[in-house]
Amino acid sequence: MSDSISTQPDQGEVTGPQRVSGPQVSAAPRVARVWRDRATHVVRGVAPPTVTMGTRTGGDEEISQRQARAVIDLALRVGEAMLSTGASAADCVETVLRLVEAYGVRSAHVDVTFTSITVSIHRGLLEDPLSVMRVVPGRSLDYTRLEAVQHLVDDVVRAAGHGRRPPDVDTARVRLVRVLSAPHPYRRWVATLGAGLMGVGVVMLFGAGPLMWLVAALSATLVDRAQRLLSLAGVAAFFTQAVSAAVPASIALLIFWGDSQGVSVLGVRYPSLVVVSGIVVLLAGLGLLGATQDALDGYYVTAGARGLEVLMMTLGIAVGVGTVMALGNALGISMEVDDTLLLGGNPLVDGAGALLIALGFCLTTYAGLRTTVMAMLIAALGWLVFAAGLLLGLGGAAATAVAAVPVGALAYAAHRRLRVPELAVATASIVALLPGLAVYRAINLILSDNPAVVGTATIQFVSAVATGLALAGGLSIGGFLARRRFSLDRAAQRARRRAPGHA
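Thresholds applied
- Residues numbered from 1 in each chain as written.
- Predicted model: local features only at pLDDT ≥ 70, side-chain atom pairs only at ≥ 80, totals over all residues.
- Heavy atoms only, no water.
- Helix = DSSP H or I, 4+ residues; strand = E, 2+ residues; numbered from the N terminus.
- Buried < 20%, exposed > 50% of the residue type's maximum accessible area, 1.4 Å probe, protein only.
- Contact = heavy atoms within 4.5 Å.
- Areas by Shrake-Rupley, 256 points an atom, 1.4 Å probe, with all protein chains shown as cover.
- Patch = residues over 30% accessible without salt bridge, like charges linked within 9 Å, V, L, I, M, F, W, Y side chains within 5 Å.
- Salt bridge = Lys/Arg side-chain N within 4 Å of Asp/Glu carboxyl O.
- 1 Å grid on protein atoms, 1.4 Å probe; cavity = no way out; pocket = protein on both sides within 12 Å on 5 of 7 lines; lining within 4 Å.
- Points joined across faces, edges and corners; volume = space filled by probe spheres on them.
- Nonpolar A, V, L, I, M, F, W, Y, C, P; charged D, E, K, R; others polar.
- Pairing = 2+ DSSP bridges.
- Axes fitted to C-alpha atoms, helices over the stretch in contact; angles between N-to-C directions.
- Phe/Tyr/Trp six-rings, centres within 6.5 Å; stacked < 30°, edge-to-face > 60°.

### A short note on the overall build of the protein chain
Working step 1: On a plain count of helices and strands, the protein chain comes out with 18 helices and three strands.
Working step 2: In the protein chain, which comprises 503 residues, the proportion classed as buried is 47%.
Working step 3: At a minimum sequence separation of 6, the contacts of the protein chain that also span at least 24 residues come to 77%.
Working step 4: When the accessible surface of the protein chain is summed, it comes to about 25900 Å², and 63% of that surface belongs to carbon and sulfur atoms.

Encoded structure:
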């Protein structure tokens, strides 16, 4: 059988002219385009933005208007109480957010300024939003009330977190009113005694004797009473601060005058220590820590207002002391600070002085027993760290910053474990490190009318400012490290996202 000739072309074989359609033709990609696409893939982001703006559409539609109003009213009262008793803006926002979330409100926004607090609730597209503002009438350090308010909020949040129904809003409001209207845990004379203990503790840090303790206690007591009476009389805070600062300066002027007349007070070696102790007592009541913390947390409006208040009150101290020193110069009485005036150097005495200062501050601010005990222990530890830093050759500001770090960390740890106010513990623990001596030396040099010491006065002033910033910065770093250890809840994270670093 013969082979037949196939008339079908093999696959892939071209036997004649062929027509190829357009889609089957593709040009080879250019090298530049390939590399551009690869570069775009490497650079272009694939994750959503870290800070989302205007993308949230949900609200609290299921919350009735009556419930929303009740929750807002309770939240505003709590926020006002915290700001009035000395809490920082971030702590206030965190507490308010924890409270409203415990009652099922997830879309609340809290805005705090120096004199007001605003709470807003977005209730979806079909319901009217709610926004209420409450003015903060005044500020006074009262850590008993601050601790009681925090306990109230903790109880509500703990009940909601354990799956139980939190207390009714009306019940919580009644408890809050009871807390805020309760009397102080002790009488006013005990707070005045606390100011005297602070004065004693300050002079102990410089190695003063028992008679100097008595003079410093008397001076600090008079300062406290002067502030109290002037405040009740409605005198402006700046003039109240100036008059109060003039009290210890006048006592020191009398002692300097006695020395010039040959009538020395036995045991009072450094009369200027009376002024230093008075300055520390007055500086302790200022909101330096709160102002710096607000700035670090991104609440710049509140921080600016608080910072201006601290500046004005410090200027009031300078005016009061400077006026008395100018009077002394006119009478030919020098109130210069002895160059040999240094810290005592005895760790036991210095530690006891730091304990007394913390105890006195807690008494003047009506702190509770647990807060007072923790503040005293942490203050003694902080002072020992500060003394160790000086022995290692660190400067005053650097040693202060190093000592403030463990104080800030332990204050937050005590807050988490023992439910005591962090601000109260931290502030009481660092009063002993306030730059009272540097402030007095700066004022003294400025009023000396000697152009040759202007540079030295500037150095003393810068040293005082650097010490204050070191205290605030060290406390903030210590608190930050402790928060990383204990972790932050959702409300705390929202409250601290205002700082640019959180973006």
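### Notes on helix H10 (residues 288-297)
Working step 1: Taken across its ten residues, H10 has seven buried, putting it largely inside the fold.
Working step 2: Within H10 the residues assigned to the buried category are Leu289, Gly290, Ala291, Thr292, Gln293, Asp294 and Asp297.
Working step 3: Backbone geometry just after H10 places Gly298 at a positive phi near 95 degrees.

### Notes on a nonpolar patch on the surface
Working step 1: A cluster of nonpolar side chains, namely Leu308, Leu311, Met312 and Leu315, defines an oily patch on the protein surface of about 360 Å² accessible area.
Working step 2: Looking at where Leu308 falls in the secondary structure, it is placed in helix H11 (residues 300-330).

### A few points about the pattern of salt bridges
Working step 1: Taken as a whole and assessed by the stated rule, the structure comprises 13 salt bridges.
Working step 2: Here Arg98 and Asp154 are joined by a salt bridge, their closest N and O atoms 3.0 Å apart. One end of the pair, Arg98, is in helix H3 (residues 89-102); the other, Asp154, is in helix H4 (residues 143-161), and 56 residues separate them in sequence. Note on accessibility: Arg98 and Asp154 belong to one class, buried.
Working step 3: Taken together, the shared-partner salt bridges connect Arg98, Asp154, Asp155, Arg158, Arg175 and Arg419 into one network.

### A look at the environment of Ala252
Working step 1: Relative to the assigned elements, Ala252 resides in helix H8 (residues 237-260).
Working step 2: The exposure class of Ala252 is buried, given its relative accessible area of 0%.
Working step 3: A sequence separation of 20 residues divides Ala252 from Ser272, and the C-alpha atoms of the two residues are 6.1 Å apart.
Working step 4: If near-sequence neighbours (up to four positions away) are discounted, Ala252 is found in contact with Pro271, Val274, Val275 and Met335.

### What about empty space enclosed by the protein?
Working step 1: Scanning all chains against the criterion turns up one cavity of 30 Å³ or more.
Working step 2: By volume, the largest cavity is sized at about 180 Å³.
Working step 3: Looking at the lining of the largest cavity, the elements with two or more residues in it are H10, helix H14 (396-418), helix H15 (422-430) and helix H17 (454-486).
Working step 4: Tallying contributions element by element places H17 first for the lining of the largest cavity, with five residues.
Working step 5: The residue makeup of the lining of the largest cavity, split by class, is six nonpolar, six polar and four charged.

### What about the environment of Leu197?
Working step 1: Note that Leu197 resides in helix H6 (residues 188-205).
Working step 2: Remark: the alpha-carbon pair of Leu197 and Phe361, spanning 164 residues in sequence, is separated by 8.3 Å.
Working step 3: Discounting residues that sit within four places of it in the chain, Leu197 has contacts with Leu356, Leu359, Gly360 and Leu363.

### Some words on the sheet that holds strand S2 (residues 116-121)
Working step 1: Strand order in the open sheet formed by three strands is S1-S2-S3, with antiparallel pairing between adjacent strands. Looking along the sheet, the strands with just one partner apiece sit at the ends: strand S1 (108-112) and strand S3 (130-135). Strand-to-strand twist across the sheet, computed as the mean angle between neighbouring axes with direction ignored, equals 15 degrees.
Working step 2: As defined by bridge partners, S2 adjoins S3 across six bridges and the pair is classed as antiparallel. By the bridge assignment for S3, Val119 is matched with Val132.

### Quick look at the packing of aromatic side chains
Working step 1: All told, the structure shown has four aromatic pairs when counted by the stated rule.
Working step 2: A centroid spacing of 5.5 Å and a plane angle of 25 degrees characterise the contact between Tyr186 and Tyr366, whose relative ring orientation is stacked. Within this pair, whereas Tyr186 is found in the loop between helix H5 (169-181) and H6, its partner Tyr366 is found in the loop between helix H12 (347-364) and helix H13 (369-391), the two being separated by 180 residues in sequence.
Working step 3: Centre to centre, the rings of Trp383 and Phe386 are 5.0 Å apart; their planes meet at 45 degrees, and the pair counts as tilted. Pair noted here: Trp383 and Phe386 are both in helix H13, with a separation of three residues, about one helical turn. With respect to class, Trp383 is no different from Phe386; both count as buried.

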